Amino acid sequence: MTDMTKGPPLRQIVGFALPLTAASLFQQVYLLVDGIVVGRYVGVEGLAAVGASGPLFYLLNAMFIGLGTAFTIRLAHLRGAGQDRQRRDVVVSLGLVTVGWTVGCVLLVTVLAEPVLALMGITGELAEQCARFIQVLSLGFPGIFGSAAVSAYLRGLGNSRAAMWVQAAGNLLNIGLALFLVGGLGFGIAGAALATAVASSAAAVIGIVASARIYPLPPGRPAREAVRGELVDATRLGLPLATQHIILAVGIMVLVWIIEPYGEVVMAAFTVVARVEAFSAILFLSFSGAVTTFAAQNLGAGHHERARHALLRTLGLTFALTLVFSAVVLLARDPIAALFTDDPTTRRVTGEYLTIIFPFLPLYTLMVVLHGYLNGARRTTAPLICTIVAFVMVQIPFAYLFSRPFGIHAIMWAVVASWTVGLAYSTFCLRQVLRSPANPAPGNLSTAVEVPSSP
């Protein structure tokens, strides 16, 4: 287990963030390849179907990631406080949450996939393709949520390198299967979903076996009351994070409803941009995750000034990196669009979207790093409120109201407005936390819930 309470803070954060970045890079490379394969072999209709069904899958997956982050924070606090014996109870409660969530999501997708798509305005052949994609993908829910649980466990123990290798194995297998099933056998978007299901299941098995060998559990049987207490604490800490992702997912569904009248070509363009935007955020979300673990360990050990100093250094580094990255994407926007499709309208809309939002990417970067610190300080309701303010109260109304007179460009500028408001609110929350440095004891997380994941 990595002890982040000693040594150079920025070096430790960078050392923790780089494996997370590599893991996310493998994932986003898979998503980009998957999008390219679907766009090339299935066509614009396939890209539109994957993009339209994305919010429903995001709702299920991101909510679990929110809950998993609570376990990451809990494990990091125990690590910082030197309380390893309680790890067994945390692992049992994490396993119970994973199994329960998997079963519930399979049932939900089976019953509600088509009605939810209808509410989003997705009908006809597009709706049938979306439903087929989600239902095949549900076969891999045990692996998808299982590998996410393993990642949360390893990150909480400070071992982002092991989490990277587990995710990399799944993503590389996913790429190969997508090329084989979609490009080789012509299975369409069902083949893309099946590739994800099989690869995620393999990654989960690899992760569970590796974790058991690297970190054998402390001896003894888990105490029922202790496990119940961990479940309650994780739920209270993770509920704001999960709620944040619920709001994001529902909001994205609303955005799909706003975009849908512009047709499949524009929907496909927004699918491409979403993939590029997610790829661009890899490094900075990894830094956010590293700051969460670093802050949790150091605040758990009582090193408040060390945690604050590391945050300031990380903000400066990520801001500089974002400027460089934004410039590269803007210069390469036309070739990027051409990777996904030959359709000229789709390529044009993709280029326009990138031109509008990427000069403002530093706003997003700073915001997610601040969210990382707030989560590590167990103020998990701050990112939730930020999502409500910036995404629900700014981006969605902006996109809906101004898209009528100004068209799709208004939907693009709504992203910039959301990032601006989100950063302002996150800065305000950070100042409030820094003025009140006292934190509850690591063993009593249920009293600490005061303050994607970005709006």
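Residues numbered from 1 in each chain as written. Predicted model: local features only at pLDDT ≥ 70, side-chain atom pairs only at ≥ 80, totals over all residues. Heavy atoms only, no water.

> Is there a simple way to think about the overall build of the protein chain in this case?
When you go through the protein chain residue by residue, the secondary structure sums to 16 helices and zero strands. Whereas a compact globule of 455 residues would reach a radius of gyration of roughly 23 Å, the protein chain reaches 21 Å, a difference of no more than 12%. Overall, the C-alpha framework of the protein chain stretches about 60 × 40 × 35 Å when taken along its three principal axes. Counting only carbon and sulfur atoms, one obtains 68% of the accessible surface of the protein chain, whose full area is about 17,900 Å². Each charge class in the protein chain can be summarised by its mean position, and for the 28 positive and 20 negative side chains these summaries are 15 Å apart. (Helix = DSSP H or I, 4+ residues; strand = E, 2+ residues; numbered from the N terminus. Rg over C-alpha atoms; globule rule 2.2 N^0.38 Å. Areas by Shrake-Rupley, 256 points an atom, 1.4 Å probe, with all protein chains shown as cover. Lys, Arg positive; Asp, Glu negative; His and termini not counted. Charge placed at Lys NZ, Arg CZ, Asp CG, Glu CD.)

> Mind showing me how you'd approach the pattern of salt bridges here?
Between side chains of opposite charge, a pair can form when the charged atoms approach closely. This model, assessed by the stated rule, comprises five salt bridges. Here Arg228 makes a salt bridge to Glu225, at a shortest N to O gap of 2.5 Å. Of this pair, Arg228 and Glu225 are both found in helix α8 (residues 224–259), three residues apart, which corresponds to roughly one turn of the helix. Note on Arg228: relative accessible area 40%, which makes it partly exposed. Measuring nitrogen to oxygen at the nearest pair gives 3.8 Å for the salt bridge that ties Glu305 to Arg308. Pair noted here: Glu305 and Arg308 are both in helix α11 (residues 304–331), with a separation of three residues, about one helical turn. The class for Glu305 is exposed, based on a relative accessible area of 55%. (Salt bridge = Lys/Arg side-chain N within 4 Å of Asp/Glu carboxyl O. Buried < 20%, exposed > 50% of the residue type's maximum accessible area, 1.4 Å probe, protein only.)

> It is not clear to me how helix α9 (residues 264–280) should be interpreted in this structure. Could you clarify?
Two residues of an α-helix separated by three or four positions point the same way, owing to the 3.6 residues in each turn. Helix length check: α9, at 17 residues, gives a terminal C-alpha distance of 24 Å against a target of 24 Å (1.5 Å per residue), a fit within 8%. Listed as buried for α9 are Val266, Met267, Ala268, Ala269, Phe270, Thr271, Val272, Val273, Arg275, Val276 and Ser280. (Expected span 1.5 Å × (residues − 1).)

> Would you explain a nonpolar patch on the surface in this entry?
On the surface, a nonpolar cluster with roughly 540 Å² of combined accessible area is contributed by Trp257, Tyr400, Leu401, Phe402 and Phe406. When residues of the nonpolar patch are assigned to their parent elements, the largest contribution, four residues, is made by helix α15 (residues 381–406). Assignment of secondary structure puts Phe402 in helix α15. What makes Phe402 partly exposed here is its relative accessible area of 37%. (Patch = residues over 30% accessible without salt bridge, like charges linked within 9 Å, V, L, I, M, F, W, Y side chains within 5 Å.)

> Please clarify how the packing of helix α4 (residues 124–137) against helix α7 (residues 188–214) should be interpreted in this entry.
Pairs of packed helices are described in terms of their axes, by the angle between the two and the distance that separates them. Relative orientation of the contacting elements α4 and α7 amounts to 20°, with a least axis distance of 8 Å. Of the possible angle classes, the one that applies to α4 and α7 is roughly parallel. Like other packed secondary-structure pairs, α4 and α7 cross with a definite hand, here right-handed. Facing Gln129, Arg132, Phe133, Val136 and Leu137 of α4, the residues of α7 in contact are Ile189, Ala190, Ala192, Ala193, Leu194, Thr196 and Ala197. (Axes fitted to C-alpha atoms, helices over the stretch in contact; angles between N-to-C directions. Parallel < 35°, antiparallel > 145°, perpendicular 65-115°, else oblique. Left-handed = near helix turned anticlockwise from the far one by under 90°. Contact = heavy atoms within 4.5 Å.)

> Is there a simple way to explain the confidence of the model for the protein chain in this structure?
Should the pLDDT be low somewhere, the predicted coordinates at that spot are not to be read in detail. Summary statistics for the protein chain give a mean pLDDT of 79 and a share of 91% for residues scoring 70 or more. The secondary-structure element of the protein chain with the lowest mean pLDDT is helix α1 (residues 9–41), recorded at 73, while helix α14 (residues 361–376) shows the highest, at 91. Note that residues 437–455 has pLDDT below 50 and, in this model, 69 contacts with residues that lie over four places away or in other chains. (pLDDT = per-residue confidence, 0-100.)

> Teacher, can you tell me more about the state of the cysteines here?
Chemically, a disulfide is nothing more than a covalent bond linking the sulfur atoms of two cysteines. The full count for this structure, using the stated rule, is zero disulfides. Of all cysteine sulfurs, the one in Cys429 lies closest to Cys386, which takes part in no disulfide; the gap is 7.3 Å. (Disulfide = S-S within 2.5 Å.)

> Could you clarify how one ought to interpret the environment of Pro8 in this entry?
Within the secondary structure, Pro8 is located in the segment before α1. Once the C-alpha coordinates of Pro8 and Leu239 are considered, the two residues, 231 residues apart in sequence, prove to be 33 Å apart.

> How do you make sense of the side chain of Ser200 when you look at a structure like this?
Here Ser200 lies in helix α7. A polar side-chain atom of Ser200 sits 2.8 Å from the main-chain carbonyl oxygen of Thr196. Setting aside chain neighbours within four positions, we find Ser200 in contact with Gly140, Gly143, Ile144 and Ser147. (Polar contact = N/O pair within 3.5 Å; in protein donor to acceptor, adjacent residues only side chain to side chain.)

> Sorry, what's going on with the layout of surface pockets here?
Rolling a probe over the atoms, with the probe sized like a water molecule, indicates the empty space that remains. Computed from the structure, the largest pocket encloses a volume of approximately 350 Å³. Lining the largest pocket are 18 residues, with Val91, Leu94, Ala149, Val150 and Ile208 sitting closest to its centre. Secondary structure elements with two or more residues in the lining of the largest pocket: α3 (87–119), α5 (141–156) and α7. Among the elements that line the lining of the largest pocket, the one with the most residues is α3, at six residues. (1 Å grid on protein atoms, 1.4 Å probe; cavity = no way out; pocket = protein on both sides within 12 Å on 5 of 7 lines; lining within 4 Å. Points joined across faces, edges and corners; volume = space filled by probe spheres on them.)

> Any chance you could explain the packing of aromatic side chains here in plain terms?
Two descriptors summarise a pair of aromatic rings, namely the distance from one centre to the other and the angle between the planes of the rings. For the structure on display, the rule yields 11 aromatic pairs. Seen in terms of ring centroids, Tyr153 and Tyr215 are 6.5 Å apart; in terms of plane orientation they differ by 85°. Their pairing is edge-to-face. Within this pair, whereas Tyr153 is found in helix α5, its partner Tyr215 is found in the loop between α7 and α8, the two being separated by 62 residues in sequence. When the ring of Phe398 is compared with that of Phe402, the centres are 4.8 Å apart and the planes differ by 40°; the resulting orientation is tilted. Residue Phe398 and its partner Phe402 are located together in helix α15, separated by four residues, close to a single helical turn. Residue Phe398 is classed as partly exposed on the basis of its relative accessible area of 26%. Among the aromatic residues, those joined into a ring-pair cluster are Phe64, Trp101, Phe141 and Phe145. (Phe/Tyr/Trp six-rings, centres within 6.5 Å; stacked < 30°, edge-to-face > 60°.)

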